[in-house]
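Architecture at a glance
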Amino acid sequence: MDLLALADYTLVARHGGFGKAARATGRPKATLSRRVADLEAGLGLRLFERGARDLKLTEEGRALFARAGQLLTELEETAVEIASGGSRPRGRLRISAPLLFCQTAMGKLAGDFALRYPEVRLEVTSEDRPVDMIEEGFDLVIRVNPDPDESLVGRAFLHDRLVVVASPALRRPRGDDPADAVAAVVRASGDQPEWRVRTREGRETIRTRPVLSLSSLIMVRDAVRAGVGAARLPISLVSHDLADGTLVHWGDVDAPDIALWTLYPTRRLLSARVSAFIDQLRQAFPNGTPDELAAYIGK
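Read on for an overview of the structure. (Residues numbered from 1 in each chain as written. Predicted model: local features only at pLDDT ≥ 70, side-chain atom pairs only at ≥ 80, totals over all residues. Heavy atoms only, no water.)

**Looking at unusual backbone geometry**
You will see that asparagine 145, though not glycine, has its phi angle at about 40°, which is positive. You can see asparagine 145 is positioned in the loop between strand S5 (140-144) and strand S6 (152-160). (Helix = DSSP H or I, 4+ residues; strand = E, 2+ residues; numbered from the N terminus.)

This is how it looks when you write it as structure tokens:
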């Protein structure tokens, strides 16, 4: 297989078209088109669906891009490392991470990483939606309780759990009387009208009457601190408030714990950049407990 043709194919696939790839790289459009055509002919496969205005990868094209792009990157990194006489991380590292983790911990993580590896250009995007790592060009994603994905591998590096908390001045509801429902602070994505919680006395249900709809858990915590109502929040986000009495604990949410995972494309070798960032996460959270995250946030 012609590696030059394969490299040109990945350029076109990454940029989404021959013209875009040519403008981004300064390569002649005709050369890119000919190389991709030669590659398709050699493989006996159609890698792109060519429309009047757009270019889309076929299923076979997506599979080849997913593997070839990573392999070519590894070859390039290996050549650079050999030439430089070392394996120090360098180049661009793109990460997608959940909004709350970015707001509370990623700034410090990114700063420490940049000081340790100045030759890496770290780019972090905060978003909670699932991303397509290959098409969107991410090297690493951090996700909460991700669904299984055969194209990705990874590990859980941090755990947390949900608790119901409120201001000490707020009366805790008792019984099934609708008038006894608590005014609850909830997220914009919606929350259950009844919360199942575990306490020392056993399991119980807390009826809710929402009065606020907020998209950020940081805003939810601050509203609860102000005494507006109760809320379901990660224990790491409110452990300091519980310790100093700013908030009180009504119970643990009767639901699976939260797990944060690092995910990356399936391959034998990780880039030095990705490995370095994963190592930094291990160092920051060696046991992966909520207490470690709370301590890290509070530093």
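**Points about the sheet that holds strand S3 (residues 91-97)**
Within the open sheet, the five strands sit side by side as S4-S3-S5-S13-S6. Their pairing is mixed. Each edge of the open sheet is held by one strand with a lone partner, namely strand S4 (120-126) and S6. Strand-to-strand twist of the sheet, defined as the mean angle between neighbouring strand axes without regard to direction, takes the value 20°. Bridge count for S3 against S5 is two bridges, and the pairing is parallel. Bridged to serine 96 within S5 is valine 141. (Pairing = 2+ DSSP bridges. Axes fitted to C-alpha atoms, helices over the stretch in contact; angles between N-to-C directions.)

**Comments concerning helix H7 (residues 217-225)**
Within H7, the full set of buried residues consists of Leu217, Ile218, Val220, Arg221, Ala223 and Val224. For H7, the capping residue at the N-terminal end is serine 216, with a side-chain oxygen 3.1 Å from the backbone nitrogen of isoleucine 218. At the exit of H7 stands glycine 227, carrying a positive phi of roughly 95°. (Buried < 20%, exposed > 50% of the residue type's maximum accessible area, 1.4 Å probe, protein only. Polar contact = N/O pair within 3.5 Å; in protein donor to acceptor, adjacent residues only side chain to side chain.)

**A few points about the side chain of threonine 10**
Considering the arrangement of structural elements, one finds threonine 10 in helix H1 (residues 3-15). The buried category is assigned to threonine 10, whose relative accessible area is 4%. Apart from the residues lying within four places of it in its own chain, the contact partners of threonine 10 are Phe65, Ala68, Gly69 and Leu72. (Contact = heavy atoms within 4.5 Å.)

**A closer look at the packing of aromatic side chains**
How two aromatic rings sit relative to each other is given by the distance of their centres and the angle of their planes. Applying the stated criterion to the full structure yields eight aromatic pairs. Among the aromatic residues, those joined into a ring-pair cluster are Phe101, Phe157, Phe285 and Tyr296. One cation-aromatic arrangement involves arginine 94 over phenylalanine 138; the distance from NZ or CZ to the ring centre is 4.3 Å. (Phe/Tyr/Trp six-rings, centres within 6.5 Å; stacked < 30°, edge-to-face > 60°. Lys NZ or Arg CZ within 6 Å of the ring centre and 35° of its normal.)

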